[in-house]
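Here is what each chain is made of, one letter per residue.
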Amino acid sequence: MLLSFLVFLGLVLLGMPVVFAIGIGGLVYFLTQPELQLTMPVQLALAETQNFSLLAIPTFILASNLMNELGVTRRLLRFAHILTGFLRGGLAQVSVVLGLLMGGVSGSAIADATMQARLLGSEMVRKGYSRGFIAALQGFSGLLAVAIPPSIGLILYGSIGQVSIGQLFAGGIGVGILMALAYMLTVDLLARQRGYLPENPAPPMAREIVQALRESFFAVLFPFLLMASLRFGIFLPSEVGAAAVVYALFVGLLYRELSWERVRRALEHSVRDVGMVALLISMAALLGYGMKWEMFPQKVSGFLLEAVQNPKVALLLILFALLLLGCIMDSTVMIILLTPILVPAAKALGIDLVYFGVLMVLTCAVGLLTPPVGLSMYSVCSVMGCGLGEYVREGWPFFVATLLVLLLAFLFPGVVLFLPRLLF
């Protein structure tokens, strides 16, 4: 197994796409195990994509692309602008609130960060914000999509680890709101230092808020309908994604923006996104089988139980390792590969699997914004045309704010578990 991991890491460092590096690393394991048939890699790769619980992923991806194409984003932007445009650093505050609202639509941190950088970047540059600040702000605002349902990361963790996706969604909401507040406070402090001005001269009147909410009501309502349908058993997790697609089409019809051209674009984007995730899942099945064959989950559980008696200390060590690993590996890959190992370990330590899952997925996602492999980081820097040095200089306050929120959630499990216990 060690040889397979070395091959995988070596290929990644050489610049090979991660999905192929995983597949080749997994194949090397089967080549070094004469007792395993060489027909198994193909069978495992195909069988992994037939997991019924993963059906929620393509449907949610399609729903999010439909809502982006059918006028939802523009209405959410106006709502965010009305709510926070009067604060210091008005456009930056709007970005954070838009990230919170869009998280309930897209479920993808990279998609949110890239879209917001394109949507608000040029206007923020014109208003005097530095390109590095904009890139960092949009990148970390996109991280809110990992916490707010329907988070693709939480769906993957719940599907692979057999944990309630509805409870994971509810657990992510509290942490997501805290992260948004932390980012808004960070923006306020930086805006006071740098003289970033409000966009609107005065707080909005109630009439303006009601008007903006009316225009974006069906988009804002989406996460709440999602939670209610799961809580009351109207839909299973694999069904609620399909219902979200129907809802997205309904919203487009109400907004009078439904057209064949926009639906076609949404389908094209969805095929690309689903293909990427499905290929990752199928290739990860090869390494995953090797870890099960070598009894890695049991070994990790045994080591933690023997070496660390305190579950809190063990969890802190796991999260710290995930934070470091996220610097060199994509978060989706980490969730797919490590969930089968870490869920049994967390269960053996007596750690609540919803609490563990939310912390694990968010900690893995921080790697999207850190060198050298952060995909969101490269995406927003590319859109804004800024270097990594400038991004790091401007982004460290948001990184510290993220770590403080994760530490708060770690120290006080109620931050994560309050809503799941209340609703489920």
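Residues numbered from 1 in each chain as written. Predicted model: local features only at pLDDT ≥ 70, side-chain atom pairs only at ≥ 80, totals over all residues. Heavy atoms only, no water.

Draft legend 1. Structural detail: the pattern of salt bridges. Throughout the structure, instances matching the rule amount to 9 salt bridges. With a closest N to O distance of 3.0 Å, Glu257 and Arg75 form a salt bridge. Residue Glu257 is located in the loop between α13 (237–254) and α14 (260–293), and its partner Arg75 is located in helix α5 (residues 72–84); the two are separated by 182 residues in the primary sequence. A relative accessible area of 10% places Glu257 in the buried class. Linking Arg264 and Glu268 is a salt bridge whose minimum nitrogen-to-oxygen distance equals 2.3 Å. (Salt bridge = Lys/Arg side-chain N within 4 Å of Asp/Glu carboxyl O. Helix = DSSP H or I, 4+ residues; strand = E, 2+ residues; numbered from the N terminus. Buried < 20%, exposed > 50% of the residue type's maximum accessible area, 1.4 Å probe, protein only.)

Draft legend 2. Examining the nonpolar core more closely. Ranked by internal contacts, the top residues of the largest apolar core, which has 149 residues, are Tyr157 and Tyr391. Ranked by residues supplied to this core, first place goes to helix α11 (residues 165–194) with 14 residues. Residue contacts for Tyr157: discarding those within four places in its chain leaves Gln162, Val163, Leu168, Ile335, Thr339, Val343, Leu353, Phe356, Gly357, Met360 and Val361. (Core = buried A, V, L, I, M, F, W, Y, C linked by side-chain atoms within 4.5 Å. Contact = heavy atoms within 4.5 Å.)

Draft legend 3. Representation of the state of the cysteines. Summed over the entire model, instances satisfying the criterion amount to 0 disulfides. You can see Cys381 has no disulfide; the closest cysteine sulfur is in Cys386, sitting 3.7 Å from it. (Disulfide = S-S within 2.5 Å.)

Draft legend 4. Region of the structure containing helix α8 (residues 131–142). In a regular helix each residue adds 1.5 Å, so 12 residues correspond to 16 Å; α8 covers 16 Å between its end C-alpha atoms and thus fits that length. Counting buried residues in α8 gives 11 out of 12 residues, a clear majority hidden from the surface. Within α8, burial applies to Gly132, Phe133, Ile134, Ala135, Ala136, Leu137, Gln138, Gly139, Phe140, Ser141 and Gly142. (Expected span 1.5 Å × (residues − 1).)

Draft legend 5. Spotlight on the packing of aromatic side chains. Taken as a whole and judged by the stated rule, the model has 14 aromatic pairs. Aromatic pair Phe30 and Tyr289: ring centres 5.9 Å apart, planes at 20 degrees, arrangement stacked. Of the two residues, Phe30 is situated in helix α2 (residues 18–31) and Tyr289 in helix α14; the sequence distance between them amounts to 259 residues. Taking relative accessible area as the criterion, Phe30 reaches 1% and is therefore assigned buried. A ring pair is formed by Tyr289 and Trp293, whose centres lie 6.1 Å apart and whose planes are at 25 degrees; its orientation type is stacked. (Phe/Tyr/Trp six-rings, centres within 6.5 Å; stacked < 30°, edge-to-face > 60°.)

Draft legend 6. Representation of a nonpolar patch on the surface. On the surface, a cluster of nonpolar side chains totalling about 690 Å² of accessible area is made up of Trp396, Val400, Leu404, Leu407, Leu408, Leu411 and Phe412. Following the sequence through the fold, Val400 ends up in helix α20 (residues 388–411). Among the residues examined, Val400 registers a relative accessible area of 36% and is labelled partly exposed. (Patch = residues over 30% accessible without salt bridge, like charges linked within 9 Å, V, L, I, M, F, W, Y side chains within 5 Å. Areas by Shrake-Rupley, 256 points an atom, 1.4 Å probe, with all protein chains shown as cover.)

Draft legend 7. Spatial organisation of the packing of helix α4 (residues 56–69) against α13. It is at 8 Å that the axes of α4 and α13 come closest, and there the two elements cross at 15 degrees. It follows from the interaxial angle that α4 and α13 lie roughly parallel. Seen along the crossing, α4 lies across α13 with a hand that is left-handed. On the side of α4, the interface is formed by Ala56, Thr59, Phe60, Leu62, Ala63, Leu66 and Met67, while α13 contributes Pro237, Ser238, Val240, Gly241, Ala242, Ala244, Val245, Tyr247, Ala248 and Leu249. A per-class count over the contact of α4 with α13 returns 14 nonpolar, 3 polar and no charged. (Axes fitted to C-alpha atoms, helices over the stretch in contact; angles between N-to-C directions. Parallel < 35°, antiparallel > 145°, perpendicular 65-115°, else oblique. Left-handed = near helix turned anticlockwise from the far one by under 90°. Nonpolar A, V, L, I, M, F, W, Y, C, P; charged D, E, K, R; others polar.)

In short, geometric facts, not functional conclusions.
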